Amino acid sequence: MGLAVGEIYEGKVTGITKFGAFVSFEGGETGMVHISEVAPTFVNEIKDFVTEGQTVKVKVLAISEEGKISLSMKKALPPEEQHRPRRPGGAPGQGAGRRQERGPRPPRAPRPEPTPGPGRPGDFEWQGRRNDSGSFEDMMSRFKQTSDEKMSDLKRGNETRRGYSRRGNKG
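Residues numbered from 1 in each chain as written. Predicted model: local features only at pLDDT ≥ 70, side-chain atom pairs only at ≥ 80, totals over all residues. Heavy atoms only, no water.

*Asks:* Quick question: what am I supposed to make of the overall build of the chain here?
*Replies:* In terms of regular secondary structure, the chain is built from 1 helix and 5 strands. Along the chain direction, N to C, the helices and strands of the chain fall in the order β-β-β-β-β-α. A buried classification covers 19% of the 171 residues belonging to the chain. When contacts within the chain are restricted to residue pairs at least 6 apart in sequence, long-range pairs at least 24 apart make up 49% of them. For the chain, the exposed surface amounts to about 14,300 Å²; the carbon and sulfur share of it is 50%. (Helix = DSSP H or I, 4+ residues; strand = E, 2+ residues; numbered from the N terminus. Buried < 20%, exposed > 50% of the residue type's maximum accessible area, 1.4 Å probe, protein only. Contact = heavy atoms within 4.5 Å. Areas by Shrake-Rupley, 256 points an atom, 1.4 Å probe, with all protein chains shown as cover.)

*Asks:* Explain the pairing of strand E3 (residues 30-34) to me, please; I cannot follow it from the model alone.
*Replies:* Consecutive residues of a regular strand have side chains that alternate between opposite faces of the sheet. Only one face of E3 is covered, namely the one carrying Gly31 and Val33; the face carrying Thr30, Met32 and His34 has none of its residues buried. Between strand E2 (residues 20-24) and E3, which follow one another and run antiparallel, lie 5 residues, and Gly28 among them has a positive phi close to 95°. In terms of strand pairing, E3 meets strand E5 (residues 69-72) through 3 bridges, oriented parallel. From the neighbouring strand, Gly31 faces E5, where its bridge partner is Ile69. (Pairing = 2+ DSSP bridges.)

*Asks:* Would you take a moment to explain the environment of Thr41 for this structure?
*Replies:* With respect to the element layout, Thr41 can be found in the loop between E3 and strand E4 (55-63). As a C-alpha pair, Thr41 and Lys74 span 33 residues in sequence and 9.1 Å in three-dimensional space.

*Asks:* I would appreciate a short explanation of the side chain of Ser72 in the present structure.
*Replies:* Looking at the secondary structure, you find Ser72 in strand E5. One polar contact links the side chain of Ser72 to the main-chain amide nitrogen of Lys74, over a distance of 3.5 Å. In this structure Ser72 touches Val33, Glu37, Lys57, Val58, Lys59 and Leu61, once residues within four positions along its chain are discounted. (Polar contact = N/O pair within 3.5 Å; in protein donor to acceptor, adjacent residues only side chain to side chain.)

*Asks:* Whenever I open this one, the sheet that holds E2 confuses me. Can you help?
*Replies:* Backbone-to-backbone hydrogen bonds join strands into a sheet, with any given pair of strands oriented parallel or antiparallel. With respect to topology, 5 strands assemble into a closed barrel ordered E1-E2-E3-E5-E4, the strand pairing being mixed. Each neighbouring strand pair of the sheet contributes to a mean axis angle of 55°, computed without reference to strand direction. (Axes fitted to C-alpha atoms, helices over the stretch in contact; angles between N-to-C directions.)

*Asks:* Please explain the pairing of strand E1 (residues 8-16) as it appears in this structure.
*Replies:* Here E1 pairs with E4 via 5 bridges, running antiparallel. When the sheet's bridge partners are listed, Glu10 is paired in E4 with Lys57. As defined by bridge partners, E1 adjoins E2 across 4 bridges and the pair is classed as antiparallel. Of the residues in E2, the one forming a bridge with Val13 is Val23.

*Asks:* Would you mind showing me how to read the nonpolar core here?
*Replies:* It is characteristic of soluble globular proteins that their nonpolar side chains tend to be buried jointly. Judged by nonpolar contacts, the single largest core of 20 residues is most densely connected at Val23, Val58 and Leu71. Breaking this core down by element, the ones donating at least two residues are E1, E2, E4 and E5. With 3 residues, E4 is the single largest residue contributor to this core. Setting aside residues no more than four positions away along its own chain, Val58 makes contact with Glu7, Ile8, Tyr9, Val23, Phe25, Val33, Leu71, Ser72, Met73 and Ala76. (Core = buried A, V, L, I, M, F, W, Y, C linked by side-chain atoms within 4.5 Å.)

*Asks:* I tried to follow the pattern of salt bridges on my own but got confused; where do I start?
*Replies:* One side chain can pair with another of opposite charge once the charged atoms of both are near each other. Tallied over the full model, the rule gives 3 salt bridges. Across the pair Lys75 and Glu37 runs a salt bridge whose closest N-O atoms are separated by 3.7 Å. With Lys75 in the loop between E5 and helix H1 (136-161) and Glu37 in the loop between E3 and E4, this pair connects stretches of sequence that are 38 residues apart. For Lys75, a relative accessible area of 35% gives the class partly exposed. (Salt bridge = Lys/Arg side-chain N within 4 Å of Asp/Glu carboxyl O.)

Right under this line is the structure:
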């Protein structure tokens with residue numbers, strides 16, 4: 001039995017892996033259905049869709065020079081079912097999505113143009129901030145003092161832990 005690209009055949013599932021299922025044909029040829037080609041919906045577990053020994057319809061996607069046969073179960077479905085999500089074990093046409101067919105959506109209303117509000121760069125009057133707390137040297141002195149206090153607090157906290165394991169033994 002010579003397989004042809006684009007044709008649909010029936011085969012038997014002979015093996016299942018994380019990434020796909022292997023299908024054997026009457027002529028002794030074996031191909032693989034990649035996990036992305038098992039069903040028209042997201043497939044997390046292949047075993048939810050096929051079992052070993054199951055007879056499946058597959059479409060031959062490609063045959064490589066090495067003889068590897070690439071197959072698709074979802075492209076072997078009728079055209080109206082190829083893009084419709086199905087629940088595992090559900091009948092074809094039972095969609096898993098929330099949106100039901102209600103006809104075309106109405107067009108969206110255009111977004112309004114943004115209006116500049118208060119605080120936008122064009123509306124703000126820039127003024128230098130006057131700090132009456134003293135000179136630059138006074139501010140630097142206060143910053144250095146608080147920085148030194150914080151550093152000494154950190155050092156004190158680390159010194160009590162240094163040299164001890166979690167159980168309190170020295171080592």
